[in-house]
Amino acid sequence: MITLALSKGRIFDETLPLLKAAGIEVTEDPEKSRKLILATTRPDVRVVLVRATDVPTYVQYGGADAGVAGKDVLLEHGGQGLYQPLDLKIAKCRLSVAVRADFDYEAAVKQGSRIAVATKYTQCAREHFANKGVHVDLIKLYGSMELAPLTGLADAIVDLVSTGSTLKANNLVEVEEIMQISSRLVVNQAALKTKREPLRELIDAIASAIV
Ligand SMILES: Nc1ncnc2c1ncn2[C@@H]1O[C@H](COP(=O)(O)OP(=O)(O)OP(=O)(O)O)[C@@H](O)[C@H]1O
Ligand SMILES: O=P(O)(O)OC[C@H]1O[C@H](OP(=O)(O)OP(=O)(O)O)[C@H](O)[C@@H]1O
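Remember, it's a predicted structure, so these values are computed and weren't measured experimentally.

**Student:** Outline the sheet that holds strand β9 (residues 156-161), supporting the account with residue identities and numerical values.
**Tutor:** What holds strands together in a sheet is hydrogen bonding between their backbones, with the strands either parallel or antiparallel. Read from one edge of the open sheet, 5 strands run β8-β7-β9-β6-β10, paired in mixed fashion. If you trace the sheet from one side to the other, it starts and ends with β8 (136-140) and β10 (172-181), each paired once. Going from strand to strand, the sheet's axes swing by 30° on average, the running direction of each strand aside. Relative to β9, strand β6 (residues 93-100) is paired through 6 bridges, and the arrangement is antiparallel. Looking at β9, one finds that A98 is bridged to I157.

As structure tokens, then:
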């Protein structure tokens, strides 16, 4: 049995066509059921639904043989125990620094001021600002980062941006792109040995369906 860890929403939706190309169709709709283990048209393949940030952990410890996770999530996790054979080019966005429209980020950086930065992505943020030589106080949040500069909790945020409409709706502006993000296929390194054939087949089939 091959167990695949996916998160509900965009990763699940955007992975489906790739699985289909590999001859795997999920037979239940996660939005219409409370089930966490979903069957597929392949009796030897099942899908487990986990939080996006939990995908690397499930795969690292063998709760799943493989999974799909954003580069953002993988960098924060650290990637230990994970083989990352494919960039699936799905769930594309970027990790950026954003501030209130009336905050002069460039001036704060130039002056060497300490900048308070709220983010869910503390590892990526720490590395980015350390490389730039900017002093920051990082504030860990788990969601609604956009609220932090509006309430005075922080001067800036590090968050994912796609269309920019969330920033715009909250009067924030993107001032620096840290990196481009997309989702990767991750595979448990031990499973790659014990389930070599079926996993290789799966990786090759998915690889040929990436657009
Ligand atoms: N607006 C977006 N456009 C495109 N891709 C995105 C966007 N937001 C997030 N992503 C990518 O999709 C992945 C999953 O995001 P999703 O919103 O489903 O989970 P989440 O709510 O961030 O995670 P969790 O439930 O663990 O808090 C992210 O890790 C990121 O790589
Ligand atoms: O630039 P945009 O197209 O507006 O996308 C950016 C938003 O997308 C993500 O949130 P998501 O929609 O996943 O909601 P979530 O924070 O509840 O996961 C991210 O955290 C931003 O808030």
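Next comes the rest of the write-up.
**Student:** Can you lay out the site of ligand 1 for me, pointing to particular residues and giving the numbers?
**Tutor:** Lining the immediate surroundings of ligand 1 are 16 residues, of which R10, R51, T53, D72 and K120 lie closest. With respect to ligand 1, the side chain of R51 contributes an N or O atom lying 2.7 Å from an oxygen atom. Within the contact set of ligand 1, an oxygen atom lies 3.1 Å away from a side-chain nitrogen or oxygen of K120. Listing elements by their share of the shell around ligand 1, those giving two or more residues are α1 (10-21) and α3 (71-77). Class assignment for the residues of the shell around ligand 1 results in 7 nonpolar, 3 polar and 6 charged. In this structure, the shell around ligand 1 is formed jointly by two domains, domain 1 (2-91 + 182-207) and domain 2 (93-180), each of which donates at least three residues.

**Student:** Please provide a residue-by-residue account of the domain arrangement of the chain, values included.
**Tutor:** If you check the domain split of the chain, you get domain 1 (2-91 + 182-207) and domain 2 (93-180). Centre-to-centre separation of domain 1 and domain 2, based on C-alpha positions: 30 Å. Contact with domain 1, which involves 7 residues of that partner, is made by 9 residues of domain 2. Roughly 650 Å² is buried in total at the junction of domain 1 and domain 2, and carbon and sulfur atoms are behind 58% of that figure. Of all residues in domain 1, D72, L75 and E76 bury the most surface against domain 2, accounting for 67% of the area lost on that side. Put simply, domain 1 and domain 2 have 0 salt bridges between them. For the side of domain 1 that touches domain 2, a count of residues per class yields 2 nonpolar, 2 polar and 3 charged.

**Student:** Kindly report on the site of ligand 2, identifying the contributing residues and their values.
**Tutor:** Ligand 2 sits among R10, E146, D159, L160, V161, S162, T163, G164, S165 and T166. At 3.5 Å from an oxygen atom of ligand 2 is found a side-chain nitrogen or oxygen belonging to D159. For ligand 2, an oxygen atom lies 2.8 Å from a polar atom in the backbone of S162. Here ligand 2 loses 57% of its free accessible area of 490 Å² to cover by the protein chains. Ranked by the residues each element gives to the shell around ligand 2, the list is headed by β9, at 3 residues.

**Student:** Explain the sheet that holds strand β11 (residues 183-188) to me, using residue names and the numbers behind them.
**Tutor:** One open sheet holds the 6 strands; their spatial order is β2-β3-β1-β4-β11-β5, and the pairing between them is mixed. Edge positions in the sheet fall to β2 (37-39) and β5 (82-87), since each has one partner strand and no second. Each strand axis lies, on average, 30° off the axis of its neighbour in the sheet, ignoring direction. Across 3 bridges, the pairing between β2 and strand β3 (residues 45-49) is antiparallel.

**Student:** How would you sum up the pattern of salt bridges? Please name residues and give values.
**Tutor:** Oppositely charged side chains are able to pair whenever their charged atoms sit close together. In this structure the tally under the stated criterion is 9 salt bridges. We note a salt bridge from D44 to R42, for which the minimum N-O separation is 3.0 Å.

Thresholds, definitions, all that
- Residues numbered from 1 in each chain as written.
- Chains lettered and ligands numbered in written order.
- Predicted model: local features only at pLDDT ≥ 70, side-chain atom pairs only at ≥ 80, totals over all residues.
- Heavy atoms only, no water.
- Pairing = 2+ DSSP bridges.
- Helix = DSSP H or I, 4+ residues; strand = E, 2+ residues; numbered from the N terminus.
- Axes fitted to C-alpha atoms, helices over the stretch in contact; angles between N-to-C directions.
- Near = heavy atom within 4 Å.
- Polar contact = N/O pair within 3.5 Å; in protein donor to acceptor, adjacent residues only side chain to side chain.
- Nonpolar A, V, L, I, M, F, W, Y, C, P; charged D, E, K, R; others polar.
- Domains from an automatic or database assignment.
- Contact = heavy atoms within 4.5 Å.
- Buried area = accessible area lost by both parts, 1.4 Å probe.
- Salt bridge = Lys/Arg side-chain N within 4 Å of Asp/Glu carboxyl O.
- Areas by Shrake-Rupley, 256 points an atom, 1.4 Å probe, with all protein chains shown as cover.

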